[in-house]
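Below, each chain spelled out in residue letters.
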4 protein chains.
Amino acid sequence: MKEVFSTDKKRVRMAVLGMGRQGQIHSKNIAYKIPEAELVCVSDISIERAEKVGIEGVELYDDYKEILERDDIDAVVIATSTDTHEQIIKETAEAGKDMFCEKPIALTLEDIDEVLDIVDKAGVKFMVGFNRRFDPTFMRVKEHVIDGNVGEPHIVNITSRDPKPPHLEYLKVCGGIFFDTSVHDFDMARFLADEEIVEVYAAGSVLVDERIGELGDLDTTMINFKFANGAVGSINNSRKTGYSYDQRVEIFGSNGCAVGKNERPNQVELTNPEGTHKDVPLYFNIERYPEAFFGEVKAFVESVYNDEEPPVTGEDGRKAVVLSIAAKKSYEENRPVKVSEIG
Amino acid sequence: MKEVFSTDKKRVRMAVLGMGRQGQIHSKNIAYKIPEAELVCVSDISIERAEKVGIEGVELYDDYKEILERDDIDAVVIATSTDTHEQIIKETAEAGKDMFCEKPIALTLEDIDEVLDIVDKAGVKFMVGFNRRFDPTFMRVKEHVIDGNVGEPHIVNITSRDPKPPHLEYLKVCGGIFFDTSVHDFDMARFLADEEIVEVYAAGSVLVDERIGELGDLDTTMINFKFANGAVGSINNSRKTGYSYDQRVEIFGSNGCAVGKNERPNQVELTNPEGTHKDVPLYFNIERYPEAFFGEVKAFVESVYNDEEPPVTGEDGRKAVVLSIAAKKSYEENRPVKVSEIG
Amino acid sequence: MKEVFSTDKKRVRMAVLGMGRQGQIHSKNIAYKIPEAELVCVSDISIERAEKVGIEGVELYDDYKEILERDDIDAVVIATSTDTHEQIIKETAEAGKDMFCEKPIALTLEDIDEVLDIVDKAGVKFMVGFNRRFDPTFMRVKEHVIDGNVGEPHIVNITSRDPKPPHLEYLKVCGGIFFDTSVHDFDMARFLADEEIVEVYAAGSVLVDERIGELGDLDTTMINFKFANGAVGSINNSRKTGYSYDQRVEIFGSNGCAVGKNERPNQVELTNPEGTHKDVPLYFNIERYPEAFFGEVKAFVESVYNDEEPPVTGEDGRKAVVLSIAAKKSYEENRPVKVSEIG
Amino acid sequence: MKEVFSTDKKRVRMAVLGMGRQGQIHSKNIAYKIPEAELVCVSDISIERAEKVGIEGVELYDDYKEILERDDIDAVVIATSTDTHEQIIKETAEAGKDMFCEKPIALTLEDIDEVLDIVDKAGVKFMVGFNRRFDPTFMRVKEHVIDGNVGEPHIVNITSRDPKPPHLEYLKVCGGIFFDTSVHDFDMARFLADEEIVEVYAAGSVLVDERIGELGDLDTTMINFKFANGAVGSINNSRKTGYSYDQRVEIFGSNGCAVGKNERPNQVELTNPEGTHKDVPLYFNIERYPEAFFGEVKAFVESVYNDEEPPVTGEDGRKAVVLSIAAKKSYEENRPVKVSEIG
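None of these values were measured; they are calculated from a predicted model.

### Some details on the pairing of strand S10 (residues 220-227) of chain D
Remark: a regular strand shows side chains that alternate across the two faces of the sheet.
All names here are of chain D.
1) Next: Most of S10 is tucked away: eight of the eight residues are buried.
2) Next: The two faces of S10 match: Thr 220, Met 222, Asn 224 and Lys 226 on one face and Thr 221, Ile 223, Phe 225 and Phe 227 on the other face are all buried.
3) Next: Pairing of strand S9 (residues 197-205) with S10, which is carried by eight bridges, proceeds in the antiparallel orientation. Bridge pairing in S10 links Tyr 201 to Asn 224.

Structure (structure tokens):
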């Protein structure tokens, strides 16, 4: 006796737009690891790159608009280049499809507000890709906050350093360290403390690579911020550790202190006459955050599947950008900037 | 423009026999994560269980013999119940297919020798599923040995404790703690030290559950062993930690000491007035060894794909059983047993 | 045959003024653990408290002036109450004796400058008690900086939190959190990075105890600072952890990152179904810094014994106060304050 | 006003016999850190070595018998060479003085029994110097056992490795690795589990230094033992780690697992591209066990001061030797040896 396995339950029919590294990761997660979803098609302006999806039976497009025209696609993951987000979000909203979009939503606050308004009116689900909220370590820290083990938050410290700077071409278009790096940490601070940040002060320098300074950007920063409840916090960023991704958080409160440390590739310690040695932490976001990349898309699929609000909203995406704008302004004017000044 | 992704490179066409928990894991790894392989079909005596494979397009059988008869299947993963291994290995060898088989090969040394002889004559590849050799932590310990960071091995200590005892039904047929648990640790000791064990002494007790003793089995053991080069070692096993899987190794030598510790689900530490707290290690083999389950099958596929010797041979499987027999004999006669006494 | 042990080598003859907790610690260290020194006498305005020295043969005074008049006393440790430091330093300088003084030197910058001028003119050795510089963990971090293992400093993070607030009576006279707590951390930042701080921004709140706020003080602060070389840093302080002293430092640079963690009373980990547990860090400064209290006085004695410059100078004491003044001003005016504004 | 501090409370008047490294440590602890005791005199066959005591006012003897004749000495610490213990214990007992004696009591079981009998009849207090029982880490492990956090003991693992072998001259007279090293670990196993060991099996090799083998001794051993309650255990010893003292214990039971790890000189971690590095553990017993050396003598003084039974008895000293004899016999005859065979 022989059968062929197939399923007829109604799954969310999905498309992934953009087949860069991130688009490929999302595609595999949808196709293989999320039973409630089905990866129907992907697009990339380069059809060769679209082929990188590497999953049997998936349909390939070089024009995402053709996908948006299909009636049988329920939801879309937008993993295209940053400068296209605004336009594609609008079109996806107009096509009436739910969407998950990599951050940032758009590059100016005005554009973000316009986009969120369109999404809102279209009544589609919209989720922003703050993947770190789905990292097992950071989720566990948050859980300690929710369970009351931290108590009322008093101090938040976030360390967020890249192993090495991105290419100069990327640096030119990324919007600067506050928008490219700190934006994630601002979201993490809001997420962990479950409080809104009301004031920001940012210091910074060019210590890693002079060319970063020549672009008008910084590579080493220290941000000081205040929450509405009076709690204080810091974010330190660097474009280059030399060792690996250094991603740690700490939230200290009236009941205790929860610390989220780096993950390492193994749990081995070697002791010899020179000391006790462990391997460096996982190299970069691809290595450190696979569960988070999976978790965020899974959460999106579940929100569509169960017709619920996604756990990271457009408003979350907007707020992190507002804080990045405040940080930049603070650095430029060397003064603390109230978030209410920005909008 | 629209294409549908497909590949025409020649992949290893595979079948998985037995759709228990392990068979399902192997199936997903082959289907989704090993590009050199293609999962064509699976079997289980229960067709309902075969359906658990959950992968679109895979063919389902309730009789593995029909799979062995197919000419278009290159290699087979045997994940059926222990008592069927011997028979299926023979038939697979006779069908001329390469195979990966969960341990143990068979239940007596005579049967193992017969099976290995048949496999050898058939000239097919044969790999035994000692998954722990592919755990990132234990691989890194081994790497330290290979790199000379440990030097000449002097002492090996292996801690291997289950979170809770298996069901009594399983306990009745598993062959006892030395065959069911220590066998993995004997393989680990040989793997890490790259030396052969020549003598074994085993002590043990029933401290966890009296019913285990009523079956003539033990639930708590301490094995002392000697390597050919004079190095010494210990293995301690327990059927019940109450917390989670406790799987640690240590190899100490003339140059240093490499320790492989437990993995935890996250890297969070909470400090409060009661102390500093981390979550317990990963619960059991499913949680602890996903990379190892993937790695062993990947290594098998690569050996088939590249026509190379698999990294864990039938001889490795045999040796671990010989050591388990020696341990049992040592316990029963309360004396050190030379491995040469066994065969 | 019987002898009685005695020594005739010329040791530094010392007195300790003030027999509070700190004075007692210094007395015992001098009497028992520093062979180059001899504890001749101690003083306290309460002769009953002077008796707490508990060391056979030590002479007790209720008036330190009588000690300063003695010709056979070479050096003095000033461990009296903060408000007496200024006066006693002056008198000790005029008496021509070398001295080690607990911080702070005096309460205003004008007073400090006057005191340091007198000390300078008297040509006596003067060392300020920044004990943490002599903590084995922080010394090792500094050693990594000196050895080039950190490289050019980029980021310094200092966590410094007390287990519980001091008594209100103490809070009223201590000068506030920036002078009582952060002053140590500013010294640590200068010590570790071997750079001068040029600008400070301080945020803070009252989250622990309203009565602290009623005194015009803060109990939770986050300081952001910049070094002359462009490196940035943060100091977070809290008056209450609830668990124990939380004293950690981190210095990140072009070559690596050195982290100094808390010390615990033992190295025990208990794993049970609730998790893996360690005891809280050492409770407070008495428990955490015994080696540091010993090391600072030993360093002072050695500088007298060998006629060398003490390793922590009056200028170091002054600079830490300048930074505390800058922090307070920054908090009050909610703006970054350049150190050059202070003096 | 001037006084000179003195005390007239009745303290235990003590003598230390033997001014080797250990005798000096005991002398300083008694003189400086134990208020209930007074160090009156010390002895050494070399008066020059007696002078090493370095404590003002202490009387020096080159003949301990003169000390035993003094009526004003209450208690004696015996820190002379091993071969003199038996004789001096007898004489001290006959002099009616309480005593603390470094292990071993004597070199044969017959001699130990004779000595303990004399001590018993003399009715003096007698404590054996198993210092590790007073190490903060091991005490905390024991506390977890007492508090029920470990539950019924199932498995004990003890790692006990020296940084480097002692001099050959010492090796010739120390009685071999089982008497010189394992004896401490047997005591630790009994102490932690609060159970008696009933059977021992020992394996061992010469892997560190051939000259140790030429003396008929071993340098690398693995001991397997059984407790009366059925729990099992292991002790692994090595004469040379190359790095430092490796002293760890683990006790696993029905409720949890308590692990005592090595102490390090500081709590610093350096992360650079090569990995994350800590300094090696504390070098040897002098560095690792200062609190334990203090604690054991303090416990002895308190037992004399309060007229209570010392916490480590002659019987404890005897039992550890019995286990060492069993281990040696087991190794020589390559078979498990019941403790009841020894006596």
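Resuming the write-up.
### Things to note about the interface of chain C and chain A
1) Next: Contact with chain C, which involves 42 residues of that partner, is made by 42 residues of chain A.
2) Next: When chain C packs against chain A, the two sides together hide about 2900 Å² of surface, and 58% of this comes from carbon and sulfur.
3) Next: Of all residues in chain C, the largest losses of buried area upon contact with chain A belong to Leu 207, Met 222 and Phe 252 of chain C, amounting jointly to 19% of the total for that side.
4) Next: Between chain C and chain A we count four salt bridges in total.
5) Next: The closest approach of N and O atoms between Arg 161 of chain C and Glu 250 of chain A, which form a salt bridge, is 2.7 Å.
6) Next: For the side of chain C that touches chain A, the element with the highest residue contribution is strand S8 (residues 153-161) of chain C, accounting for seven residues.
7) Next: When its residues are assigned to classes, the side of chain C that touches chain A shows 15 nonpolar, 18 polar and nine charged.

### Let's talk about the sheet that holds strand S6 (residues 98-101) of chain D
1) Next: Read across the open sheet, the seven strands follow the order S1(C)-S4(D)-S3(D)-S2(D)-S5(D)-S6(D)-S7(D); overall the sheet is mixed. The outermost strands of the open sheet, each flanked by one partner alone, are strand S1 (2-4) of chain C together with strand S7 (126-128) of chain D. Taking the axes of each pair of neighbouring strands and ignoring which way they run, one obtains an average angle of 25° across the sheet.
2) Next: With four bridges connecting them, strand S5 (residues 75-78) of chain D and S6 of chain D associate as parallel partners. Each residue of the ladder has a partner; that of Ala 75 of chain D, found in S6 of chain D, is Asp 98 of chain D.

### Quick word on the pattern of salt bridges
1) Next: Taken as a whole and judged by the stated rule, the model has 159 salt bridges over all chains.
2) Next: Taking the shortest distance from any N to any O, the salt bridge between Glu 38 of chain A and Arg 13 of chain A comes out at 3.5 Å. Highlighted residues: Glu 38 of chain A in strand S3 (residues 37-43) and Arg 13 of chain A in strand S2 (residues 12-17), separated in sequence by 25 residues.
3) Next: Among the residues examined, Glu 38 of chain A registers a relative accessible area of 27% and is labelled partly exposed.
4) Next: Looking at Arg 13 of chain A, the relative accessible area reads 21%, which means it is partly exposed.
5) Next: Where Asp 307 of chain B meets Lys 125 of chain B, a salt bridge forms, and the shortest distance between an N and an O atom there is 2.8 Å. With a gap of 182 residues between them, Asp 307 of chain B in the loop between helix H11 (290-305) and helix H12 (314-333) and Lys 125 of chain B in the loop between helix H5 (109-122) and strand S7 (126-128) connect regions that are remote in the sequence.
6) Next: Assessed through its relative accessible area of 13%, Lys 125 of chain B is described here as buried.
7) Next: The network of salt bridges with common partners includes Arg 133, Asp 187, Arg 190, Glu 196, Asp 316 and Lys 319 of chain A.

What counts and what doesn't
- Residues numbered from 1 in each chain as written.
- Chains lettered and ligands numbered in written order.
- Predicted model: local features only at pLDDT ≥ 70, side-chain atom pairs only at ≥ 80, totals over all residues.
- Heavy atoms only, no water.
- Buried < 20%, exposed > 50% of the residue type's maximum accessible area, 1.4 Å probe, protein only.
- Helix = DSSP H or I, 4+ residues; strand = E, 2+ residues; numbered from the N terminus.
- Pairing = 2+ DSSP bridges.
- Contact = heavy atoms within 4.5 Å.
- Buried area = accessible area lost by both parts, 1.4 Å probe.
- Salt bridge = Lys/Arg side-chain N within 4 Å of Asp/Glu carboxyl O.
- Nonpolar A, V, L, I, M, F, W, Y, C, P; charged D, E, K, R; others polar.
- Axes fitted to C-alpha atoms, helices over the stretch in contact; angles between N-to-C directions.

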